[in-house]
Amino acid sequence: VVKDGEVDFQAMAVRERMLSRPQVFDVSKFLKEHPGGSTIVLPHLGTDITEVFSNDDVHVHSKAAHSMMQRYRIGILSGAKRKAAPQHQGMKALDFSKPIIMQIGHLGNNYNDFIHRPQVLDEPARFFESDFLEIFSRTPWYVVPLVWLPVITGMVLLSLKMGLTPLGAGLIFLGGLFTWTLIEYVLHRFLFHLDEWVQFNYWAITLHFLIHGVHHLLPMDPMRLVFPPILTFILLLGFYNLFRVFLDTPEAVSFTAGGLLGYVGYDLTHYYLHHSGTPFLSHFSSMKSYHLAHHYKNPLLGYGITSKLWDYVFDTMLPVEDKPKEKSS
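Here the structure is a predicted model, which means the values were calculated and not measured.

Chemist: Tell me about empty space enclosed by the protein, and please be specific about residues and values.
Modeler: Applying the stated criterion across every chain, the model contains two cavities of 30 Å³ or more. As a volume, the largest cavity reaches approximately 230 Å³. Taken together, 17 residues form the lining of the largest cavity, with Trp180, Leu235, Phe239, Gly259 and Tyr263 sitting closest to its centre. The set of elements that each furnish at least two residues to the lining of the largest cavity consists of helix 8 (166-191), helix 10 (229-246) and helix 11 (249-275). Its residues placed into classes, the lining of the largest cavity shows 12 nonpolar, four polar and one charged. Here the second largest cavity defines a volume of roughly 50 Å³. Along the walls of the second largest cavity sit Thr181, Glu184, Tyr185, Tyr303, Gly304, Thr306, Ser307, Lys308, Leu309, Trp310 and Asp311, which together make up its complete lining. At the level of elements, helix 8 and helix 13 (309-313) are the ones that each hand at least two residues to the lining of the second largest cavity. Across the lining of the second largest cavity, the residue classes break down as four nonpolar, four polar and three charged.

Chemist: How would you summarise unusual backbone geometry if you had to cite specific residues and measurements?
Modeler: A positive phi is found at Asp315, a non-glycine position, where the angle reads about 60°. Overall, the relative accessible area of 68% leaves Asp315 in the exposed class.

Chemist: Can you lay out the packing of aromatic side chains for me, pointing to particular residues and giving the numbers?
Modeler: As enumerated under the stated definition, the model contains 18 aromatic pairs in all. Relative to Tyr271, the ring of Trp141 has its centre 6.3 Å away and its plane inclined at 35°; by these criteria the two rings are tilted. Of the two residues, Trp141 is situated in the loop between helix 6 (131-136) and helix 7 (143-161) and Tyr271 in helix 11; the sequence distance between them amounts to 130 residues. The class of Tyr271 is buried, set by a relative accessible area of 18%. The ring of Phe127 has Arg224 sitting right over it, with the charged end atom 4.0 Å from the ring centre.

Chemist: Provide a residue-level description of the nonpolar core, including the pertinent values.
Modeler: By size, the foremost hydrophobic cluster in this structure holds 29 residues, and its most contacted members are Trp148, Leu260, Tyr263 and Tyr266. When residues of this core are traced back to their parent elements, those giving at least two are helix 7, helix 8, helix 10, helix 11 and helix 12 (282-296). No other element matches helix 11, which puts 10 residues into this core. Excluding residues that lie within four positions of it along the chain, Tyr263 makes contacts with Val144, Trp148, Trp180, Phe227 and Thr232. Judged by nonpolar contacts, the second largest core, of 17 residues, contains Ile100, Ile115, Ala204 and Val214.

Chemist: Tell me what's going on with the side chain of His274, and back it up with residues and numbers.
Modeler: Tracing the sequence through the fold places His274 in helix 11. Within the local environment of His274, its side chain forms a polar contact with the backbone oxygen of Pro219, the two atoms lying 3.0 Å apart. Each residue touching His274, except ones within four places of it in the same chain, is listed here: His215, Pro219, Met220, Leu225, Lys288, His291, Leu292 and His295.

Chemist: Explain helix 10 to me, using residue names and the numbers behind them.
Modeler: Between the first and last C-alpha of helix 10 there are 26 Å, a value that for 18 residues agrees with the 26 Å anticipated at 1.5 Å per step. Restricting attention to buried positions, one finds in helix 10 the residues Thr232, Leu236 and Phe243. Seen from one end, helix 10 has its buried residues packed into an arc of 40°, which puts them on one side. Pointing more than 90 degrees away from the buried face of helix 10 are the exposed residues Ile230, Ile234 and Val245.

Chemist: Provide a residue-level description of a nonpolar patch on the surface, including the pertinent values.
Modeler: Where nonpolar side chains cluster on the molecular surface, the patch consists of Phe178, Leu182, Val186, Phe190, Leu309, Tyr312, Val313 and Phe314 and spans about 750 Å² of accessible area. Contributing elements (two or more residues each) for the nonpolar patch: helix 8 and helix 13. The biggest single contributor to the nonpolar patch is helix 8, with four residues.

Chemist: Give me the lowdown on the packing of helix 7 against helix 10, citing residues and values where you can.
Modeler: Between helix 7 and helix 10, the least distance of the axes is 11 Å, while the angle of their chain directions is 35°. Crossing geometry of helix 7 relative to helix 10 is assigned as right-handed. Across the interface between the two elements, Val143, Val147 and Trp148 from helix 7 touch Pro229, Thr232, Phe233 and Leu236 from helix 10. Of the residues belonging to the contact of helix 7 with helix 10, the class tally is six nonpolar, one polar and no charged.

Criteria and thresholds
- Starting afresh in each chain, residues are numbered from 1 along the sequence in its written order.
- Totals for whole chains, interfaces and linings use all residues, but because this is a predicted model, local features are given only for residues with pLDDT of at least 70 and pairs of side-chain atoms are given and counted only at 80 or more.
- Only hydrogens and water are set aside; all other atoms, that is, all heavy atoms of the structure, feed into the side-chain values.
- Think of a 1 Å grid over the protein atoms and nothing else: a 1.4 Å probe that fits but is trapped marks a cavity, an open set flanked by protein within 12 Å on at least five of seven lines marks a pocket, and residues with an atom within 4 Å of a point count as lining.
- Grid points are joined across faces, edges and corners, and a volume is the space filled by probe spheres set on the points.
- Here a helix means four or more residues in a row that DSSP labels H or I, a strand means two or more in a row labelled E, and each is numbered from the N terminus.
- Note on residue categories: nonpolar means Ala, Val, Leu, Ile, Met, Phe, Trp, Tyr, Cys or Pro, charged means Asp, Glu, Lys or Arg, and polar means any other residue, Gly included.
- A 1.4 Å probe rolled over the protein chains alone gives each residue an accessible area, and that area as a share of the maximum for its type sets the label: buried under 20%, exposed over 50%, partly exposed in between.
- For this analysis, a ring pair means two rings from Phe, Tyr or Trp (six-membered ring only for Trp) whose centres lie within 6.5 Å, classed as stacked if their planes differ by under 30 degrees, edge-to-face if by over 60, and tilted for the remaining angles.
- In this scheme, the term charge over a ring applies when either NZ of a lysine or CZ of an arginine sits within 6 Å of the ring centre and within 35 degrees of the ring normal.
- As used here, the term nonpolar core means buried Ala, Val, Leu, Ile, Met, Phe, Trp, Tyr and Cys residues forming a set that is joined through side-chain atoms within 4.5 Å.
- Should any heavy atoms of two residues lie within 4.5 Å, those residues are considered in contact.
- Contacts described as polar in this section are N or O atom pairs within 3.5 Å, which, within protein, must combine one atom able to donate a hydrogen with one able to accept it, while residues neighboring in sequence count only if both atoms come from side chains.
- The span you would expect from a helix comes to 1.5 Å times its residue count less one.
- Here, the arc refers to the directions that run from the helix axis to the C-beta atoms.
- In this analysis, a patch consists of residues with relative accessible area above 30% that form no salt bridge, clustered at 9 Å for like charges and at 5 Å for the nonpolar side chains Val, Leu, Ile, Met, Phe, Trp and Tyr.
- Surface accessibility in these figures is a Shrake-Rupley result with a 1.4 Å probe; residues are shielded only by whichever protein chains are displayed.
- By definition here, a salt bridge exists when the distance from a side-chain nitrogen of Lys or Arg to a carboxyl oxygen of Asp or Glu is within 4 Å.
- Note on geometry: axes are lines fitted to C-alpha atoms, helical ones only across the stretch in contact, with angles between N-to-C directions running from 0 to 180 degrees.
- For any helix crossing, the convention is left-handed if the near helix is rotated counterclockwise from the far helix by under a right angle, and right-handed if that rotation is clockwise.

Set out below in structure tokens:
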């Protein structure tokens, strides 16, 4: 408990603390994980954040934000009425001090609701008891270009060796690259968001969690954001065989290479949107606000990651407030 007379706002600012009457929060571990970047939080350190956090006319914080905030509460001003942290009636929870992958299926009908209440942990969650299996559940972002850019180069060279002209291979490659933008949308909307449809079965829940559910539960976990190479390889084989139905082998190879480059751009963009702070280009800044609104406000809209193109086409645009409104004088 922090006593009224002992609250030193300058000292609190140094220690990266904030005050929301009648509670005090230490957000030092959350600064770099804040969805809008640390630059939004820094001006409010050591200040009363009641208005900016709770007033929808200033900025609309989601229910998830209010729930997450309680993790960082370090005290209550003396004399203030204690307010219990929000409880979700009847909802099961995970014990993050233990491996979570065998726990997740037991959420049953609570699964969809649970994963859409994002949480931020101090360390990446552990999936498996086995250290060997745990290695394969974590993928640093740089693995994506290291693994797949050489594969893309090899596929393009192979298509040329099989008889395509450089111009023909280039045009087909660009066609695959553009087609990826639609694949990105379709996968995200119709496969990754089967949330409500998998709750009937323990193993269906577990599989969905591995594919995408973990990213909505722990959206700032840097080790569970990009696709593991093995999962990408499975999808790559499936799409290549699909393209072979419509294209001869050289064209299918070049077309798949273009789509694979689109995937690499997608995964790197996705990581950047979550961990960039303030993006240096306006497009990425807009997409960051857009994608994080998908996580924290409405997961049933805003499926685009690299662009909003197909959200426009299929009427799934998500209204976004890019920045908190300026407080009127």
